[in-house]
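Coordinates in review
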Amino acid sequence: MHLVFTGPHLTEPTYETFVEHSEKKFKSLQRILNTNGDFEHEVRISASKSGDEFEVKAEVKIPEVIIAKAKDRDLRRAIDEVKDRLRDQIKSTLEKKRA
C-alpha cells in the first residue's frame, strides 16, 4: 500500500502531524487491501482547514473508487474518523464482491 499526502494550505508543523498520524493509522488498512493479491494500492489522503475545522479526505481504488471524508476541530480525530469510514467501506465493498 502506498500513501500519497496532500495538504497544501497546512503549516509545516500541522502537515508533519498530518503525515505522521496518517501513516500510523492507515497502516492497519494494509491487511485488508492485500486480500486482492500482489497489487499495490494507492491511498490518497488530503487535509485542508476551513475556519477552525479540518477536513480530511481519503480515497482508494479497489477497482471501484472509495472515498471517505470527515471534519473535526482536531486533526487527529478527523484522520481517525476517515480511516474508520474508509475501512468500513472497503470491507463492505470486498464482501459484496465475494457474495
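Residues numbered from 1 in each chain as written. Predicted model: local features only at pLDDT ≥ 70, side-chain atom pairs only at ≥ 80, totals over all residues. Heavy atoms only, no water.

1. Describing the pairing of strand 3 (residues 53-61)
Side-chain alternation along strand 3 places F54, V56, A58 and V60 on a buried face and E53, E55, K57, E59 and K61 on a face that remains uncovered. Pairing geometry for strand 2 (residues 42-50) and strand 3, over eight bridges, is antiparallel. Across the sheet, R44 pairs through a bridge with E59, a residue of strand 3. Counted along the chain from strand 2 to the antiparallel partner strand 3, the turn is two residues long, and its residue G51 has a positive phi close to 65°. In this sheet, strand 4 (residues 65-72) lies alongside strand 3 in antiparallel orientation, the contact comprising eight bridges. Bridge pairing links E55 to K71 in strand 4. (Buried < 20%, exposed > 50% of the residue type's maximum accessible area, 1.4 Å probe, protein only. Helix = DSSP H or I, 4+ residues; strand = E, 2+ residues; numbered from the N terminus. Pairing = 2+ DSSP bridges.)

2. Structural notes on the sheet that holds strand 4
If you trace the four strands from one edge of the open sheet to the other, you get 1-2-3-4, paired in mixed fashion. Looking at strand neighbours, the two that pair on one side only are strand 1 (2-6) and strand 4, the edges of this open sheet. The mean angle between the axes of side-by-side strands here comes to 15°, regardless of whether they run parallel or antiparallel. Together, strand 2, strand 3 and strand 4 form the strand contacts of helix 3 (residues 75-98), whose direction differs from that of strand 4 by roughly 155°. (Axes fitted to C-alpha atoms, helices over the stretch in contact; angles between N-to-C directions. Contact = heavy atoms within 4.5 Å.)

3. Here's the deal with the environment of P8
Considering the arrangement of structural elements, one finds P8 in the loop between strand 1 and helix 1 (12-26). A C-alpha to C-alpha distance of 8.8 Å links P8 and S46, two positions 38 residues apart in sequence.

4. So, helix 3
Between the first and last C-alpha of helix 3 there are 35 Å, a value that for 24 residues agrees with the 34 Å anticipated at 1.5 Å per step. All of the buried residues along helix 3 are L75, A78, I79, V82, K83, L86, I90, T93 and L94. Looking at the buried positions of helix 3, the neighbouring elements they touch are helix 1, helix 2 (29-33), strand 2, strand 3 and strand 4. N-capping of helix 3 is provided by D74, with a side-chain oxygen placed 2.8 Å from the backbone N of R76. (Expected span 1.5 Å × (residues − 1). Polar contact = N/O pair within 3.5 Å; in protein donor to acceptor, adjacent residues only side chain to side chain.)

5. Let's talk about the nonpolar core
Counting residues in each nonpolar core, the largest one holds 28 residues, and the members touching the most others are F18, F26, V43, I45, L86 and I90. Looking at this core, the elements with two or more residues in it are strand 1, helix 1, helix 2, strand 2, strand 3, strand 4 and helix 3. Ranked by residue count, the leading element in this core is helix 3, at seven residues. If we skip the residues at most four places from it in the chain, I90 touches I32, L33, V60, I62 and I66. (Core = buried A, V, L, I, M, F, W, Y, C linked by side-chain atoms within 4.5 Å.)

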